[in-house]
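# Per-entry structural report
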Amino acid sequence: MALEDFCSFRNNPHLWTPASLLPPLQNPASSTPGIPKHNHSGRRRSELSNKDDGPPLHLSLPPASAARCLMPTVRRPFPLTHGTTTLGFVFQGGVIAAADTRASAGGLVACPEVHKIIPVHSHLVVTSSGSGADCVLWARALEREIRLYRLRHGRVLSVRGTAKLLAFMLHPFKGTDVCVALTLCGWDQGPNGGPRDGVDQGSAGSSGDATATEALIRIEGTSPAPGHVTQSPVSEQSGLSSSSSSSSSSSSSSSPYSISSTSSTAREGPKVIYVCSDGARLQGELFSVGSGSPYAYGILDGGLRWTLSREEAFSLAREAVFRATHRDAYSGNNVDLVYITEKGWSRRDREDLKEEYYTRKEEIGKIVEERCRKTD
Amino acid sequence: MEYLIGIQGPDFVLVAADSVAASSIIKMKDDHDKMFKLSDNILLLCVGEAGDTVQFAEYIQKNVQLYKMRNGYELSPTAAANFTRKNLADYLRSRTPYHVNLLLAGYDQADGPALFYMDHLSALAKAPFAAHGYGAFLTLSILDRYYKPGGWTGEQDASLLSILNKRFILNLPSFNVRAIDKEGVHDLEKVCVIPSDGRVSSNTPPPPPPPPPPCLLVFFIHFVR
């Protein structure tokens, strides 16, 4: 496919895996279910499991940035920056993803009308920041992988699974100049619903598929398997803890989202997950990324509550991007807003912030006039 | 900027980690959990470079679980610690080392509580108390002064986190705390620290704007057996 050609994957497979450790590619039918044959993340198998029959004897780590040392760094023609403001947050009505539309190259506005919010499937969008080329590339690669997953397994991968997949795809490039910081904003459907993009739902896959997907679900570390400890809402409390019931509220006492603390651990519902090319993968309720993000955080942290109505959430997101573009030189032009609900994502019209700025200036001018007239 | 601490008691291990996930100057998350449950009795606390921590910790976690599936019994904390060390050491002299600092805490039915300190050069040491991060510079001396084997109760815990609050220039506002004993891993109350009394001394910067919801003053829950 185009991606493989672009990366010269077929010509130079040895650049993608430490060849000394990779056994010759076996019959793909016998490899572990779910892992594609041409594995661009270049999973390295240990010496113990030279045969491909059955599950690997030793779970293998993706080769930590083999690419780091094999690819010489090319000098950039101009400095690349994270010139952007993007944000994503959850609230009672779903997920809001917002971004500006400026692509900057050093001090030049390379393009004033970029789409930084890229749909992956009907219930997931990705907001991108970092190097524009890298973001488009990785968003497309992710879209491809999610589509392949759906075709193979008959169901769509959860947002957490998508984030994990993306993090694993980016891991070999850690330490190189790949610079992406993506926020996945999506809605996980329950077992009965399902994102649509024209593929048959195939909710009842074969039993083989079901076990494969279940195995994949468990590996993601969701409860009740002994996974990441935050995921278990049921935890044994010491008898002394008099406020044991408030452990969940005390853990969220620093955030205004005491009600939604379960939504981040639930299998269904709105999700926002931040994935970055350093390897960070964070699930949360609010993320803002880019050079304008501190300004956006200032507005969002003050105004964000779980109980916002949809219109209030829109105006908060717009306000945050607007204020960030006002102060940050590398963000600007327009604001894109996408909201995701159970029914899928939908996009609001792009709004020009220049006009917004002048409208507000007029309003403030009028208020000042009023005040002057009253005091006179 | 990240902080881990572990203290071994007579029949438990107490571990705490700060809960901030930061990206340069921004706190991306302030309720981030840095502890990974390897089994019912073992916790791995992992800090370091952004992607390396989760990748390495999850790798260890899944392999420990795989061992249990294949052999029918769990790895002991000592075995798990040595396994972790071996993996870290194997990658150390490769082209792609993992830059992570770890604490591994566990309770063995036969040997009792155990706390292991491991740094990014894969040095492993079993210790009665250990800490990672800049905060370790401030808290280890308190532990040296007051720790007695088999005698760690709760009163001294308050001084540990308050010294961080008093002297450490970077605010670590909240900590996840867990304890492991023979019954397994227990979540303890999350600890938030605020400047006590709002007092401003000439050395400290002005207090931050008041946090909206009330935060607990620093205290630890301690076990009374």
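Going by an unreviewed UniProt entry, chain B carries the name Proteasome subunit beta and comes from Gadus morhua.

For chain A, an unreviewed UniProt entry supplies the name Proteasome endopeptidase complex and the organism Gadus morhua. In its Subcellular location (unreviewed entry) section, the UniProt record describing chain A reads: "Nucleus".

So, on to the overall build of chain B. Along chain B, the regular secondary structure elements total four helices and 13 strands. When each of the 225 residues of chain B is scored for burial, the buried share is 52%. A separation threshold of at least 6 residues defines the contact pool for chain B, and within that pool the share at least 24 residues apart is 60%. Here chain B displays about 10400 Å² of accessible surface, and carbon together with sulfur accounts for 57% of that area.

This part covers the overall build of chain A. Counting secondary structure elements, chain A contains nine helices and 13 strands. Each of the 376 residues in chain A was classed as buried or not, and the buried ones make up 48%. Within chain A, contacts between residues at least 6 apart in sequence are counted, and of these 69% link residues at least 24 apart. For chain A, the accessible area works out to roughly 18400 Å², and carbon and sulfur atoms hold 55% of it.

Aromatic ring pairs: the centre-centre distance and the angle between the two ring planes describe each pair. Applying the stated criterion across every chain, the model contains 10 aromatic pairs over all chains. An angle of 50 degrees between the planes, with centres 4.8 Å apart, marks the rings of F314 of chain A and Y339 of chain A as tilted. Of the two residues, F314 of chain A is situated in helix α8 (residues 310-327) and Y339 of chain A in strand β11 (residues 334-341); the sequence distance between them amounts to 25 residues. The pair F314 of chain A / Y339 of chain A is uniform in exposure class, with both members buried. Chaining the aromatic ring pairs together yields one cluster made of F56, Y91 and Y98 of chain B.

Further remarks concern the pairing of strand β12 (residues 184-187) of chain B. Residue and element names in this part refer to chain B. Examined bridge by bridge, strand β11 (residues 174-181) and β12 share four bridges and lie antiparallel to one another. Following the sheet pairing, D181 is matched in β12 by G184. Hairpin remark: β11 followed by β12, antiparallel, with two residues in the connecting loop.

Another point: the pattern of salt bridges. All names here are of chain A. All told, the structure shown has 22 salt bridges over all chains when counted by the stated rule. Residue K271 pairs with D188 through a salt bridge whose shortest N-O separation is 3.1 Å. Remark: D188 occurs in strand β7 (residues 180-188) and K271 occurs in strand β8 (residues 269-276); sequence separation between them is 83 residues. Each member of the pair, K271 as well as D188, is classed as buried. Among the ionic contacts, a cluster of salt bridges with common partners joins R318, E319, R323, R348, E351, E356 and R360.

Residue and element names in this part refer to chain B. The phi torsion at S24 lies on the positive side, around 50 degrees, for a residue other than glycine. Relative to the helices and strands, S24 is located in the loop between β3 (21-23) and β4 (26-29). Of the residues examined, S24 reaches a relative accessible area of 74% and is grouped as exposed. Although it is not a glycine, S122 sits at a positive phi angle of roughly 55 degrees.

With that settled, consider the sheet that holds strand β9 (residues 124-126) of chain B. Residues and elements named next belong to chain B. As summarised here, the arrangement of the five strands in space is β5-β6-β7-β8-β9, forming an open sheet in which the pairing is antiparallel. In this open sheet, the two edge strands, each paired with only one partner strand, are β5 (35-39) and β9. Strand after strand, the sheet turns through a mean of 20 degrees between neighbouring axes, direction not considered. Here β5 pairs with strand β6 (residues 42-48) via four bridges, running antiparallel. From the neighbouring strand, F36 faces β6, where its bridge partner is L44. Running over the sheet, helix α1 (residues 50-71) touches β5, β6 and β7 (100-108) and is turned about 15 degrees from β5. Sitting on the sheet, helix α2 (residues 77-92) is in contact with β5, β6, β7, β8 (112-118) and β9, with an inclination near 160 degrees to β7.

All names here are of chain A. Pairing is antiparallel in the open sheet, where five strands are placed in the order β5-β6-β7-β8-β9. Taken across any chain shown, the strands that pair with only one partner, and hence form the sheet edges, are β5 (117-121) and β9 (281-284). Taking the axes of each pair of neighbouring strands and ignoring which way they run, one obtains an average angle of 25 degrees across the sheet. Summarising the sheet, β5 and strand β6 (residues 124-130) pair through four bridges and their orientation is antiparallel. Each residue of the ladder has a partner; that of I118, found in β6, is V126. The sheet contacts of helix α3 (residues 132-153) involve β5, β6 and β7, and relative to β5 the element is tilted by about 15 degrees.

What follows covers α8 of chain A. Residues and elements named next belong to chain A. Here α8 is 18 residues long and its end C-alpha atoms lie 26 Å apart, about the 26 Å a rise of 1.5 Å per residue gives. When we look at burial in α8, the residues that qualify are A313, F314, L316, A317, R318, E319, A320, V321, F322, A324 and T325. Those residues of α8 that are buried lie in contact with β1 (86-91), β2 (94-100), α7 (293-303), β11, β13 (351-352) and α9 (353-375).

This next bit is on the side chain of S277 of chain A. Along the chain, S277 of chain A falls in the loop between β8 and β9. When sequence neighbours within four positions are dropped, the list of residues in contact with S277 of chain A reads L170, K174, V178, C179 and V180 of chain A.

Between two packed helices, what matters for the description is the angle formed by their axes and the separation of those axes. Residue and element names in this part refer to chain A. Taken N-terminus to C-terminus, the directions of α8 and α9 make an angle of 90 degrees; their axes are 11 Å apart at the nearest point. In terms of orientation, α8 lies roughly perpendicular with respect to α9. Contact residues: α8 offers R318, E319, V321, F322, R323, T325 and H326, while α9 offers L353, E356, Y357 and R360.

Definitions and limits used
Residues numbered from 1 in each chain as written. Chains lettered and ligands numbered in written order. Predicted model: local features only at pLDDT ≥ 70, side-chain atom pairs only at ≥ 80, totals over all residues. Heavy atoms only, no water. UniProt positions renumbered as here; feature names shortened; annotations may be inferred. Helix = DSSP H or I, 4+ residues; strand = E, 2+ residues; numbered from the N terminus. Buried < 20%, exposed > 50% of the residue type's maximum accessible area, 1.4 Å probe, protein only. Contact = heavy atoms within 4.5 Å. Areas by Shrake-Rupley, 256 points an atom, 1.4 Å probe, with all protein chains shown as cover. Phe/Tyr/Trp six-rings, centres within 6.5 Å; stacked < 30°, edge-to-face > 60°. Pairing = 2+ DSSP bridges. Salt bridge = Lys/Arg side-chain N within 4 Å of Asp/Glu carboxyl O. Axes fitted to C-alpha atoms, helices over the stretch in contact; angles between N-to-C directions. Expected span 1.5 Å × (residues − 1). Parallel < 35°, antiparallel > 145°, perpendicular 65-115°, else oblique.

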